[in-house]
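Coordinate inspection notes
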Amino acid sequence: MKILGIETSCDETAAAVVEDGHRLLSSTVASSMDLHALYGGVVPEIAARSHIEYIIPMIRQALSEAQEEWADIDAIAVTYGAGLGGSLLIGVLAARTLAIVKRKPLYAVNHVEGHVYANFLTDTALPGYTLPDSQPRFPLLALIVSGGHSQLVLFRDHFDYTLLGQTQDDAIGEAFDKVAKIIGLPYPGGPSISKAAIIGNDKKYSLPKANMSGRYDFSFSGLKTAVLRLAQREAGVGFEFPSRELSARLSDSVKADIAASFERIAIQTVVDKTVMAYDEFSPADVVIAGGVAANSVLREQLSSRLPCPIKYTDPKLCTDNGAMIATLGCFKFGARQEAADAYTLNIAPDLSM
Ligand code: KG4
Ligand code: ZN
């Protein structure tokens, strides 16, 4: 069974072909990140325009890299939510059109659920991928941490899951992006904070960890504001000082200490809740998914605090990609789930798990 996956929920235009829910045959990604870097965050209109430009080339490239013809593709899977409306629309309309013209079943995939399924890919002939050597087992505890989501989910089986908790404000990746902007590091903030933090002292500043009423919920907006106040204090300016001029007044060593102190606390916030959920539910496996799963402090902190090895995949499959969508599409197809109507499938920007 071979599924073509299409993903356009944010600023990556991505397509991939996956076989039998475990073998990666191709994965192509065009990112408009460089354009958004000029503004310090994703500009929805620019992302949507860029998807229009890249969607057909990415699908063509995914098929040719996989050495597959349309006749060999069993179904198409596409992200229909959550995400930016204009971005989702391009992927969904492309998938709907192809499903009709090529006469293929169409599966509508939840982007956040898709992130978890990147961890089910265990083999590929493509160079440059390090994949887990076995698929995760159920019950499965999944920590999904990205620019748009921070969620802790317990999967009892495929398609049978409970959302244990989620962020009540900013997503953790968004907090990395905003803190990077405050201290003048380039977008996307996650990798730049991690890089700056290497030479920083992660205990230099004590920053607050939010205490939420929901047992497994997260919050990052207070931490972000605390970093802003800290940066103002270190720069010797007041609350009213323009924040875009703040970073010019901070030395590289202060920036590194702020980056390291922030990274330690932000990661500890999600690790604390994951450990609590592990103790309560005793899952067979724990996976981390989403762009922030590429963070090495997260991998180290979780590994040292859990009694079992954690599962994660290649960093290229942690950030948005078509392979995770195709993989979940394989399981939907394999379970004979009802396909979506290619004439009417709509986007769902606020889709939750
Ligand atoms: O999953 P993703 O590509 O897009 C969403 O669905 O949001 O995640 C992108 C997010 C960005 O906020 C980026 O700053 C963050 O993942 N990120 C990281 C790292 N690499 C990417 N955050 C922390 N550490 C990293 N190494
Ligand atoms: Zn994502």
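Everything in this summary refers to the structure shown in the same document.

What follows covers the overall build of the chain. Within the chain one finds 11 helices and 10 strands. Rg of the C-alpha trace for the chain: 20 Å, near the compact-globule value of 20 Å for 353 residues, within the 12% margin. Expressed as a percentage of its 353 residues, the buried residues of the chain come to 56%. In the chain, the share of contacts with a sequence separation of at least 24, taken over all contacts with a separation of at least 6, comes to 74%. Entry remark: accessible area of the chain is about 14800 Å², with carbon and sulfur atoms responsible for 50%. Each charge class in the chain can be summarised by its mean position, and for the 31 positive and 40 negative side chains these summaries are 3 Å apart.

Pairing between the strands of a sheet comes from backbone hydrogen bonds, and it takes one of two forms, parallel or antiparallel. Read across the sheet, six strands follow the order E5-E4-E1-E2-E3-E6 without closing on themselves; strand pairing throughout is mixed. With partners counted over all chains shown, the strands left at the sheet margins are strand E5 (106–110) and strand E6 (123–124), one partner each. Looking at chain direction, strand E1 (residues 2–7) and strand E2 (residues 12–19) are connected through six bridges and run antiparallel. Across the sheet, the residue bridging to Gly5 is Ala16, located in E2. Sitting on the sheet, helix H3 (residues 85–101) is in contact with E1, strand E4 (75–81) and E5, with an inclination near 155° to E4. Across the face of the sheet, helix H11 (residues 323–334) comes into contact with E1, E2, strand E3 (23–31), E4 and E5 while running at roughly 135° to E1.

What follows deals with the side chain of Lys2. Mapped onto the elements of the fold, Lys2 is located in strand E1. At 3.3 Å, the side chain of Lys2 forms a polar contact with the side chain of Glu68. Contacts of Lys2, omitting those with residues within four sequence positions, involve Val17, Val18, Glu19, Leu25, Glu68, Asp72, Ile73, Asp74 and Ala75.

Attention shifts here to the coordination of the zinc ion (ligand 2). Only His111 (NE2), His115 (NE2) and Asp320 (OD) from the protein reach the zinc ion (ligand 2) as donors, at distances of 2.0 to 2.1 Å. Metal-centred angles of 95 to 141° between the four donor atoms at the zinc ion (ligand 2) mark the site as irregular. The motif formed by the donor residues of the zinc ion (ligand 2), counted along the single chain, is H-x3-H-x204-D. Taken together, the positions of His111 in helix H4 (residues 111–117) and Asp320 in the loop between helix H10 (315–318) and H11 put the pair 209 residues apart, joining distant regions of the chain. Per residue, the accessibility class of His111 equals that of Asp320, and both read buried.

Put simply, Gly81 and Ala82 share a cis peptide bond, and its omega is -10°. Considering the arrangement of structural elements, one finds Ala82 in the loop between E4 and H3. Following Phe138, the chain continues to Pro139 via a peptide bond in cis, the omega torsion being -5°. One can find Pro139 in the loop between E6 and strand E7 (140–145). Backbone geometry at Arg103 places phi at a positive 55°, although glycine is not the residue there.

What follows covers the environment of Leu164. Along the chain, the position of Leu164 falls in strand E9 (residues 160–166). The contact partners of Leu164, leaving out residues within four places of it in the chain, are Leu141, Leu152, Val153, Leu154, Tyr216, Ala277 and Phe281.

With that out of the way, let us pick up the packing of aromatic side chains. Summed over the entire model, instances satisfying the criterion amount to 10 aromatic pairs. An angle of 90° between the planes, with centres 6.2 Å apart, marks the rings of Tyr107 and Phe333 as edge-to-face. Taken together, the residues span a long stretch of sequence, with Tyr107 in strand E5 and Phe333 in helix H11 at a distance of 226 residues. Classification of Phe333 as partly exposed rests on a relative accessible area of 25%. Between the NZ or CZ atom of Arg229 and the centre of the ring of Phe239, over which it lies, the distance is 4.0 Å. The side chain of Arg299 reaches across the aromatic face of Tyr312, ending 3.8 Å from its centre.

Taken together, the side chains of Asp20, Glu69, Asp72 and Asp74 present a region of like negative charge at the surface. A relative accessible area of 37% places Asp20 in the partly exposed class.

At a minimum axis separation of 10 Å, helix H5 (residues 172–182) and helix H7 (residues 221–235) run at an interaxial angle of 10°. Between H5 and H7, the interaxial angle falls into the category roughly parallel. Seen from H5, the contacting residues are Lys178, Val179 and Ile182; seen from H7, they are Lys224, Val227, Leu228 and Ala231. Looking at the contact of H5 with H7, its residues break down into five nonpolar, no polar and two charged.

Conventions used here
- Along each chain, the written sequence defines residue order, and numbers are assigned to residues from 1.
- Written order decides the labels, with chains lettered from A and ligands numbered from 1.
- With pLDDT at 70 or above as the cut-off, local features in this predicted model cover only qualifying residues; side-chain atom pairs require 80 or more to be listed or tallied, and sums for whole chains, interfaces and linings still use all residues.
- Calculated side-chain values reflect all of the structure's heavy atoms, with hydrogen atoms and water omitted.
- Under the scheme used here, helices are H or I runs from DSSP no shorter than 4 residues and strands are E runs no shorter than 2 residues, and both carry numbers assigned from the N terminus.
- Note that the radius of gyration is over C-alpha atoms, with the globule rule given as 2.2 Å times the number of residues to the power 0.38.
- Per-residue accessibility, obtained with a 1.4 Å probe over protein chains only, is compared with the maximum for each type, and a residue is labelled buried under 20%, exposed over 50%, and partly exposed between these values.
- For this analysis, residues touch if any pair of their heavy atoms sits within 4.5 Å.
- Only the protein chains shown count as cover for residues, and all accessible areas are computed by the Shrake-Rupley method using a 1.4 Å probe.
- None of His or the chain ends enter the tally, which takes Lys and Arg as positive and Asp and Glu as negative.
- By convention, the point assigned to a charge is CZ for Arg, NZ for Lys, CD for Glu and CG for Asp.
- Strand pairing is assigned whenever DSSP detects at least two bridges linking the two strands.
- To get an axis, fit a line to the C-alpha atoms, keeping to the stretch in contact for a helix; angles then go from 0 to 180 degrees between the N-to-C directions.
- The definition of a polar contact used here is a pair of N or O atoms within 3.5 Å, where within protein one atom must be able to donate a hydrogen and the other to accept one, and adjacent residues in sequence count solely through side-chain atom pairs.
- Donor criterion used throughout: N, O or S atom within 2.8 Å of the metal, extended to 3.2 Å for Na, K and Ca. Water excluded; incomplete-looking sites may result.
- Square planar and octahedral sites, with four and six donors, are those where opposite donors lie more than 155 degrees apart and all other angles lie between 65 and 115, tetrahedral sites have four donors with every angle between 85 and 135 degrees, and the rest are irregular.
- The pairing test for Phe, Tyr and Trp rings, Trp by its six-membered ring, is centres within 6.5 Å, and the orientation test on the planes gives stacked under 30 degrees, edge-to-face over 60, and tilted for anything in between.
- The criterion is that NZ of a Lys, or CZ of an Arg, lies within 6 Å of the ring centre and within 35 degrees of the ring normal, and then a charge sits over that ring.
- For patches, a residue must show more than 30% relative accessible area and have no salt bridge; joins then use 9 Å for like charges and 5 Å for nonpolar side chains, namely Val, Leu, Ile, Met, Phe, Trp and Tyr.
- Whenever Lys or Arg places a side-chain nitrogen within 4 Å of a carboxyl oxygen from Asp or Glu, that contact is recorded as a salt bridge.
- Orientation is classified from the angle alone, with under 35 degrees giving roughly parallel, over 145 giving roughly antiparallel, 65 to 115 giving roughly perpendicular, and any other angle giving oblique.
- Any residue that is not Ala, Val, Leu, Ile, Met, Phe, Trp, Tyr, Cys, Pro, Asp, Glu, Lys or Arg is counted as polar, Gly included; the first ten are nonpolar and the last four charged.

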